[in-house]
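Inside the fold
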Amino acid sequence: MNRAQVTDILLEIAVLLDLQGESTFKIRAYQNGARALETISEPLEVLVAEKRLGTIKGIGESLQQKITEMVTTGKLEYYDQLKAAVPPGLLEMLQIPSLGPKKVKAIHDNLGISTVADLEAACKAGRLSILDGFGARTEAKILEGIDYRRKYASKHLLVEAILVAEPILAALKNHPAVQRCSTAGSLRRLKEVIGDVDFVVSSQSPAEVIEFFVNQPGIVTVLAKGDTKSSVILPGGIQADLRVVSDQEYPYALAYFSGSKEHNIVMRHRAIQKGLRLSEYGLFRSAEETRDPALQVPCSSEEDIYKALDLPFITPELREDRGEFTAAEKGALPELISWDDLKGSLHNHTDWSDGQDSLETLAAALVQKGYSYWAVTDHSKAAFQAHGLDEARLKTQLAAVADINKRLEDSGISFRFLTGAEVDIVKTGLDFNDEILSQLDVVVASLHVASQDESENTQRLIAAAQNPYVHMLGHLSGRLLLRREPFKISQQAVIDACADTGTWLELNAQPSRFDLDWRLWVQNRGRGIKCSINCDAHSLVDVEYLRFGIGQARKAWLTKADVINTSNLNELRELLGVKRAKVG
DNA sequence: GCCGTTTTCGGCCCGACTGTTTTCAGTCG
């Protein structure tokens, strides 16, 4: 078993234990153990083989034993027994909003219900109300939850959430009773997939703000409406939570609700070490729970809170407890790439293959938008469904690109197209031979049809990285968020090959790709692997995806220097020649 | 189940909302 499989099982054990009514601390220990494994930098097999698991904080004797069993034998007796003891339907019931482990256990133990279908029938028949703590409202809520789960998936692409959140944030900002407001949560941290949208507002009249919030246009359902908090369902089924606090509490609440949970736990611990207490209400000079303003360490912004804990400001994208505290303490937080650093995109399509726009249309729009260059990398012939170019059409395109560049030059415009291809990685190698590839300015190699065999896919990608004419690998994992799992690939092995060969990796900015994943960039920091943030544009609309790509790059700890297409055209041409120069 | 300048036992982050109760448990974030 690999690390991902081991952490998945530890997390599932935590859920199963929860359903059995185990101590919450024991449950948390499994969750902490899984988290600890996610952050290790060495291969898990090595740690197991050298019996060094115990050196990881959060892995004690019992977890050491279980992890070792999983890694060496590929299974875990304890997990199998636990799984056999808990009906699979109970896990599904846990997905229903308002149902947690305690209630699921009570329903199962007292009524013998172990599937969602049975639960639905029991609610409709009013059979849940006989249980202590259950009533008609609970039954109705469960039915609503089952319905909701059926209608909407509970996860949403970042871009969809941003699109529904932005108008509401703008409306809140304009409301006279609102002092400060922001999105928070995973949206503010720019996670690629988000569960719900969070807003934090400061106001002297919370009731007025909450009333305004629940009456926003398009709101489907109001789930909760209290004095300081409210939850609603937005169009598209996205849940939005609003929290209203006083302006003095605002920075603490914003930090708290921006998370991540793991980041906040470290913040709290730092506060405790300094004899302080950090909560969503403030930072207090007290070991006891308090909201006494006299004990408050005054902070007017998030920056002040970090400062009070002897830290530089940590930008929300980095708040995942993946090394940001260590870096902050050393003064080594990266100066992240910023929103206007990109000079162009190196992976794009035109109407020569499956793009919508002509070179002329693109040139006009891109000059207008202020870009310096744009690589034309249409599909190769293997992508016949995308009208991929064969060698003859590619040569014609090279002439067309040269022609339009000449016209740009004659008009005194500095913008240039670069020639190129998104060459398919086919079973037998690359879809174009080296002689053709050597004539192109930019070569992106991408896997579009993967085999079921992980080592075969991995080998094909490594071979592509080893080709001296391939500048970068496109959308390495092939994932489509919420729709398709990554191809069976050892991404790390391919990344290693890129590090060895000086091949760049794409950060594809299509909102359903965001591929390579930000976590892998964080894990491979400091190895000198260069990134190209590309919008993989199939139409002009897609150019705007570069903004989301920058967001993911920031989340990936990338700096301007890490990203190839922050270079100007002359620098870029030089960089494009480096790998080829090695083979002469 | 993990951890320790509070070190082998007794803690482990914590507060709002809901629905059920009439003082609180469960869920959620």
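For the structure, see preceding data.
Residues numbered from 1 in each chain as written. Chains lettered and ligands numbered in written order. Predicted model: local features only at pLDDT ≥ 70, side-chain atom pairs only at ≥ 80, totals over all residues. Heavy atoms only, no water.

This part is about the sheet that holds strand β17 (residues 504-508). Pairing in this open sheet of six strands is mixed, and the strands run β14-β13-β15-β16-β17-β18 from one edge to the other. For this open sheet the edge positions go to β14 (429-430) and β18 (531-534), each flanked by a neighbour on one side alone. Inspection of the sheet shows strand β15 (residues 442-446) paired to strand β16 (residues 472-473) by two bridges, in the parallel sense. The partner of Val 444 across the bridge, within β16, is Met 472. (Pairing = 2+ DSSP bridges. Helix = DSSP H or I, 4+ residues; strand = E, 2+ residues; numbered from the N terminus.)

In this section: the pairing of β15. For β15, a buried count of five out of five residues is recorded, marking the element as mostly surrounded by other parts of the structure. For strand β13 (residues 420-426) and β15, the ladder comprises five bridges, and the chain directions are parallel. Across the sheet, the residue bridging to Ala 421 is Val 443, located in β15. Between the parallel elements β15 and β16, the chain passes through helix α20 (residues 454-466) in a crossover that is right-handed. (Buried < 20%, exposed > 50% of the residue type's maximum accessible area, 1.4 Å probe, protein only. Right-handed = clockwise from strand over helix to strand, strands pointing away.)

Pairing in this open sheet of three strands is parallel, and the strands run β10-β11-β12 from one edge to the other. Of all the strands in the sheet, just β10 (344-345) and β12 (416-418) have a single pairing partner and so form its edges. Across two bridges, the pairing between β10 and strand β11 (residues 373-375) is parallel. Residue pairing for β11: Ser 345 is matched across the bridge by Trp 374.

Time to look at the protein's contact with DNA strand B. Looking at DNA strand B, there are 46 residues lining it, with Arg 28, Gly 58, Gly 135, Arg 277 and Tyr 281 nearest. The protein-proximal atoms of DNA strand B, defined as those within 4 Å of the protein, are 82% sugar or phosphate. Ala 136 is positioned with one of its backbone polar atoms (N or O) 3.4 Å from a phosphate oxygen of DNA strand B. Take Tyr 256: an N or O atom from its side chain is 3.1 Å from a base nitrogen of DNA strand B. For the surface near DNA strand B, the per-class residue count stands at 15 nonpolar, 11 polar and 20 charged. (Near = heavy atom within 4 Å. Polar contact = N/O pair within 3.5 Å; in protein donor to acceptor, adjacent residues only side chain to side chain. Nonpolar A, V, L, I, M, F, W, Y, C, P; charged D, E, K, R; others polar.)

This part takes up the state of the cysteines. Within this structure, the stated rule accounts for zero disulfides. Here Cys 498 stays free of any disulfide, with the sulfur of Cys 531 as its closest cysteine sulfur at 11 Å. With a relative accessible area of 0%, Cys 531 lands in the buried category. (Disulfide = S-S within 2.5 Å.)

Over its 20 residues, helix α18 (residues 391-410) runs 29 Å from end to end, which matches the ideal 28 Å to within 8%, given 1.5 Å per residue. Considered for burial, the residues of α18 that qualify are Leu 394, Gln 397, Leu 398, Val 401, Ile 404, Asn 405 and Leu 408. For α18, the buried positions fall inside an angular range of 135 degrees around the axis, keeping them on one side. Away from its buried face by more than 90 degrees, α18 exposes Ala 392 and Asp 410. Residues of α18 that are buried make contact with α17 (359-369), β12, β13 and α19 (434-437). Of the residues one or two after α18, Gly 412 is the one with positive phi, at around 75 degrees. (Expected span 1.5 Å × (residues − 1). Arc of directions from axis to C-beta. Contact = heavy atoms within 4.5 Å.)

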